[in-house]
Amino acid sequence: MSGKGIVQCREMTDENREICFNEFWSMDWSAKKATVRSLVTHSLPKDTRHRKGAVSRRNTSLQFHLTIQNAEEQKKIRVCKTMFLNTFGLREWTVLNWVKVGFDEKAPKTNHLRTANSERRRGIVKDFLGLLPKMESHYCRKDTSRLYLESIWDSLSHVYREYQKYCKEKEEKPLDYTGFNDVVEELKISIFKPRKDRCDFCVGYENGSLVISDADYQLHRQKKDIAQNEKTADIKNLEKKFVFSMDVQAVMVCPLMKASAVFFKTKLNVHNFTIYDPRTHDGLCNLWDESEADLQSSVFATMIIDYLEHLPLTEGDEIIMWSDGCTYQNRNAVLSNALLNFAMKRQVTVIQKYLEKGHTELECDAMHACIQRKFAKKNIYLPSTYQMYCETARLKSDIKKPHPYVTKYWHFEEFFDFTKLSWYPSIRPGKKTGDPCVTDIRALRHGPDGVLSYKLDHSSETWDVLPTRKKAPKKVPNLIPKLFSTRRRIKDTKFRDLQSLKAVLPRDTHDFYDNLPH
């Protein structure tokens, strides 16, 4: 460590402190804690003398550091505690709690969180959080080890305000916000946010919470830049007639209201799979609710094939589709077989390209933000209301993007079972241990000759043929079977919750909820 214990506050400029502050508050709370832990070091105190018979409460000394960032290098310098706390806008107690620094174990405990009364209040917090519906794990793309509250919550402060009302009804004194947040972290509960999080790899490297070498980090950034640059080049290259991006909007719920009764009831999940043309700015919203279909690969394959069928294609055309690398949605054998079937039938080439994990910024993300703004702070009683907001999200008066989004609400009988196309039961590029996996694929090429090729790197000039597990198809099947014969049943508990919510819903919506299969 530079300075060997000497405080170097004068080397820290206001500009660098501002950079530290902005980067710190752009992180989620787990990353904030990891950053503080990486910048605060421990050592034994130099002077351990104390009065005879007295109990020492100080068993460690802390050194605080900040990171100086410039064009040449990035280095840590030691600063005083005051500068450290003021730079990040933190209180001393918060930092001590995060770095797990306390007093000697033999000393009396004075922390109010350890008192019997406080433990009882923590139990009430857990009871309250247990009443709140959680998202199913497959809706939470980032970290399924955590429990996610539904997207109806604006922030943790919003949840805390509702907790205070809950305590008032119970005639209990609420825990303070810090204690409430501690319980939330202990239970690993987060709010499901309809926005993309920062890349775990990059955050882990920046705050030192992951052991990542400089070479690995630079390679990761290089791959990210190569993918984004290639996407931009595809869009600008007018010789490539069809270039699209596609993604699923964050799951929506119905009914959506700010009434307290809704917070404690499970609701119907509604999905929106969007496809966007970055040249014409035309967008398609594919909407469905969980009673019509789930999130299996054939569902997405049906919507993608339906979109491609309506394109003005001629023999020999090439279609490029950009997406993230979500396996059940965009990178799987079911979708590849469906695209291969389409490519042979229409005698075209379909290429899928995937962005680097953690850096999946797509043009269709703007659709999601536009739609989200449209129904923000609105009451939604039926899933079909989302279709109306999608259609009106972009006004016709917009000179640059004059076309409203096209929407389609899907029903169960419209989906096809593409698992019956089993020409390639797997799209893994290798066969044995140590060979590349499906998640290593960066591009897939579905040829009109029935050959499936792949790339592991966007910068590669050549396509490698996927190792076939069986003979390539000789003819295209005329009929793909239906995926569902009836509507999907929702859980009985969810049906009962929706029935109880009819008390706060308009009467003309009751029939929809009464007829939900369960």
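Residues numbered from 1 in each chain as written. Predicted model: local features only at pLDDT ≥ 70, side-chain atom pairs only at ≥ 80, totals over all residues. Heavy atoms only, no water.

Student: I tried to follow the overall build of the protein on my own but got confused; where do I start?
Tutor: When helices and strands are tallied, the protein shows 16 helices and 15 strands. The buried share of the protein, taken over its 518 residues, is 47%. Sequence-distant contacts, at least 24 apart, represent 70% of the contacts inside the protein between residues at least 6 apart. Carbon and sulfur atoms make up 51% of the accessible area of the protein, which amounts to about 27400 Å² in all. (Helix = DSSP H or I, 4+ residues; strand = E, 2+ residues; numbered from the N terminus. Buried < 20%, exposed > 50% of the residue type's maximum accessible area, 1.4 Å probe, protein only. Contact = heavy atoms within 4.5 Å. Areas by Shrake-Rupley, 256 points an atom, 1.4 Å probe, with all protein chains shown as cover.)

Student: Sorry if this is basic, but what is going on with the pattern of salt bridges here?
Tutor: Pairs can form between side chains of opposite charge whenever their charged atoms are close. Within the structure shown, the criterion is met by 24 salt bridges. Residue Lys353 pairs with Glu230 through a salt bridge whose shortest N-O separation is 2.7 Å. Of the two residues, Lys353 sits in strand S11 (residues 349–354) while Glu230 sits in helix H9 (residues 214–236), which places them 123 residues apart along the sequence. The exposure classification of Lys353 matches that of Glu230, with both residues buried. Note that Arg488 is salt-bridged to Asp294, the shortest N-O span being 3.9 Å. Here Arg488 is found in the loop between strand S15 (464–465) and helix H15 (492–500), whereas its partner Asp294 is found in the loop between strand S9 (283–289) and helix H11 (297–309), with 194 residues between them in sequence. (Salt bridge = Lys/Arg side-chain N within 4 Å of Asp/Glu carboxyl O.)

Student: Just to check I follow, could you spell out unusual backbone geometry for this structure?
Tutor: The phi torsion of most residues other than glycine is negative, and most of the peptide bonds are trans. At the junction of Cys254 and Pro255, the peptide bond is cis and its omega measures out at 0° in the coordinates. Residues other than glycine seldom take positive phi values, yet Lys188 does so here, at roughly 55°. By secondary structure assignment, the location of Lys188 is in the loop between helix H7 (177–186) and strand S5 (189–191). In this model, Lys377 sits at a positive phi of 65°, which is unusual for a non-glycine residue. With respect to the helices and strands, the residue Lys377 is situated in the loop between helix H13 (365–375) and helix H14 (384–391). On the basis of relative accessible area, Lys377 is assigned to the exposed category, the value being 84%.

Student: Help me understand the pairing of strand S6 (residues 242–248) in this model?
Tutor: Looking along a regular strand, one sees side chains alternate from face to face of the sheet. Most of S6 is tucked away: seven of the seven residues are buried. Every second residue of S6 is oriented toward a common face, with Phe242, Phe244, Met246 and Val248 on one face and Val243, Ser245 and Asp247 on the other, all of them buried. Pairing between S6 and strand S10 (residues 318–323): four bridges, direction parallel. Each residue of the ladder has a partner; that of Val243, found in S10, is Ile320. (Pairing = 2+ DSSP bridges.)

Student: Please explain the side chain of Ser297 as it appears in this structure.
Tutor: Looking at the secondary structure, you find Ser297 in helix H11. For Ser297, a relative accessible area of 16% gives the class buried.

Student: What is the right way to read the packing of aromatic side chains from this model?
Tutor: How two aromatic rings sit relative to each other is set out by the distance from centre to centre and by the angle between their planes. What the rule picks out here adds up to 23 aromatic pairs. Across the ring face of Trp463, the terminal group of Lys455 is positioned such that the distance to the ring centre comes to 4.7 Å. (Phe/Tyr/Trp six-rings, centres within 6.5 Å; stacked < 30°, edge-to-face > 60°. Lys NZ or Arg CZ within 6 Å of the ring centre and 35° of its normal.)

Student: What exactly am I supposed to notice about the nonpolar core here?
Tutor: A general tendency of soluble globular proteins is for nonpolar side chains to be buried together. Counting residues in each nonpolar core, the largest one holds 59 residues, and the members touching the most others are Leu129, Val159, Phe180 and Tyr386. Sorting elements by how many residues they give to this core places helix H6 (residues 156–170) first, with six residues. Those residues in contact with Phe180 that lie beyond four places of it in its chain are Val125, Phe128, Leu129, Leu156, Val159, Tyr160, Tyr163 and Leu175. Core analysis: the second largest hydrophobic core is formed by 50 residues, Ile304, Met344, Tyr454 and Leu466 among them. (Core = buried A, V, L, I, M, F, W, Y, C linked by side-chain atoms within 4.5 Å.)

Student: I would appreciate a short explanation of a nonpolar patch on the surface in the present structure.
Tutor: Taken together, the side chains of Phe21, Trp25 and Trp29 make up a nonpolar region of the molecular surface, amounting to roughly 280 Å² of accessible area. Its place among the elements puts Trp25 in the loop between helix H1 (14–24) and helix H2 (29–39). (Patch = residues over 30% accessible without salt bridge, like charges linked within 9 Å, V, L, I, M, F, W, Y side chains within 5 Å.)

Student: Just to check I follow, could you spell out H11 for this structure?
Tutor: An α-helical segment advances 3.6 residues per turn. Residues three or four places apart therefore align on the same side. Compared with an ideal rise of 1.5 Å per residue, which puts 13 residues at 18 Å, H11 spans 18 Å between its outermost C-alpha atoms and is within 8% of the ideal. Most of H11 sits out of view: eleven of its 13 residues are buried. Within the span of H11, buried status applies to Ser297, Ser298, Val299, Phe300, Ala301, Thr302, Met303, Ile304, Ile305, Tyr307 and Leu308. Looking at the buried side of H11, the elements it contacts are S6, strand S8 (268–276), S9, S10 and helix H12 (333–346). (Expected span 1.5 Å × (residues − 1).)

Student: Please clarify how the packing of H6 against H7 should be interpreted in this entry.
Tutor: Any two packed helices are characterised by the angle at which their axes cross and by the distance between the axes. Viewed as axis vectors pointing N to C, H6 and H7 meet at an angle of 110°, and their least axial separation amounts to 11 Å. In terms of axis orientation, H6 runs roughly perpendicular to H7. Taking contact as the criterion, the partners of Leu156, Ser157, Val159, Tyr160 and Tyr163 in H6 are, on H7, Tyr177, Phe180, Asn181 and Val184. Among the residues forming the contact of H6 with H7, the class breakdown is seven nonpolar, two polar and no charged. (Axes fitted to C-alpha atoms, helices over the stretch in contact; angles between N-to-C directions. Parallel < 35°, antiparallel > 145°, perpendicular 65-115°, else oblique. Nonpolar A, V, L, I, M, F, W, Y, C, P; charged D, E, K, R; others polar.)

Student: Explanation requested: the packing of H1 against helix H3 (residues 81–88) in the structure shown.
Tutor: Where H1 contacts H3, the axes come no closer than 8 Å and their chain directions differ by 55°. Between H1 and H3, the angle is such that the two are oblique. On the side of H1, the interface is formed by Arg17, Cys20, Phe21 and Phe24, while H3 contributes Met83, Asn86, Thr87 and Phe88. Of the residues in the contact of H1 with H3, the class split is five nonpolar, two polar and one charged.

Student: Sorry if this is basic, but what is going on with the pairing of S11 here?
Tutor: Among the six residues that make up S11, six are buried, leaving the element largely enclosed by the rest of the structure. On S11, burial covers both faces: Thr349, Ile351 and Lys353 on one face and Val350, Gln352 and Tyr354 on the other are all buried. This β-α-β element, S10 to H12 to S11, shows right-handed connectivity. In this sheet, strand S13 (residues 443–446) lies alongside S11 in antiparallel orientation, the contact comprising four bridges. By the bridge assignment for S13, Val350 is matched with His446. (Right-handed = clockwise from strand over helix to strand, strands pointing away.)

Student: What's the story with the side chain of Glu356 in this structure? I'm lost.
Tutor: Residue position: Glu356 is located in the loop between S11 and H13. Of note is the side chain of Glu356, whose polar atom sits 3.2 Å from the side chain of Arg442. In this view, Glu356 contacts His220, Lys223, Lys224, Ala227 and Arg442; residues no more than four positions away in its chain are not counted. (Polar contact = N/O pair within 3.5 Å; in protein donor to acceptor, adjacent residues only side chain to side chain.)

Student: Can you help me understand the environment of Phe88 in this one?
Tutor: Structurally, the position occupied by Phe88 is in helix H3. Separated by 56 residues in the primary sequence, Phe88 and Lys32 place their C-alpha atoms 9.9 Å from one another. If we ignore the near neighbours within four places in the chain, the residues touching Phe88 are Cys20, Phe21, Phe24, Trp25, Leu39 and Leu66.

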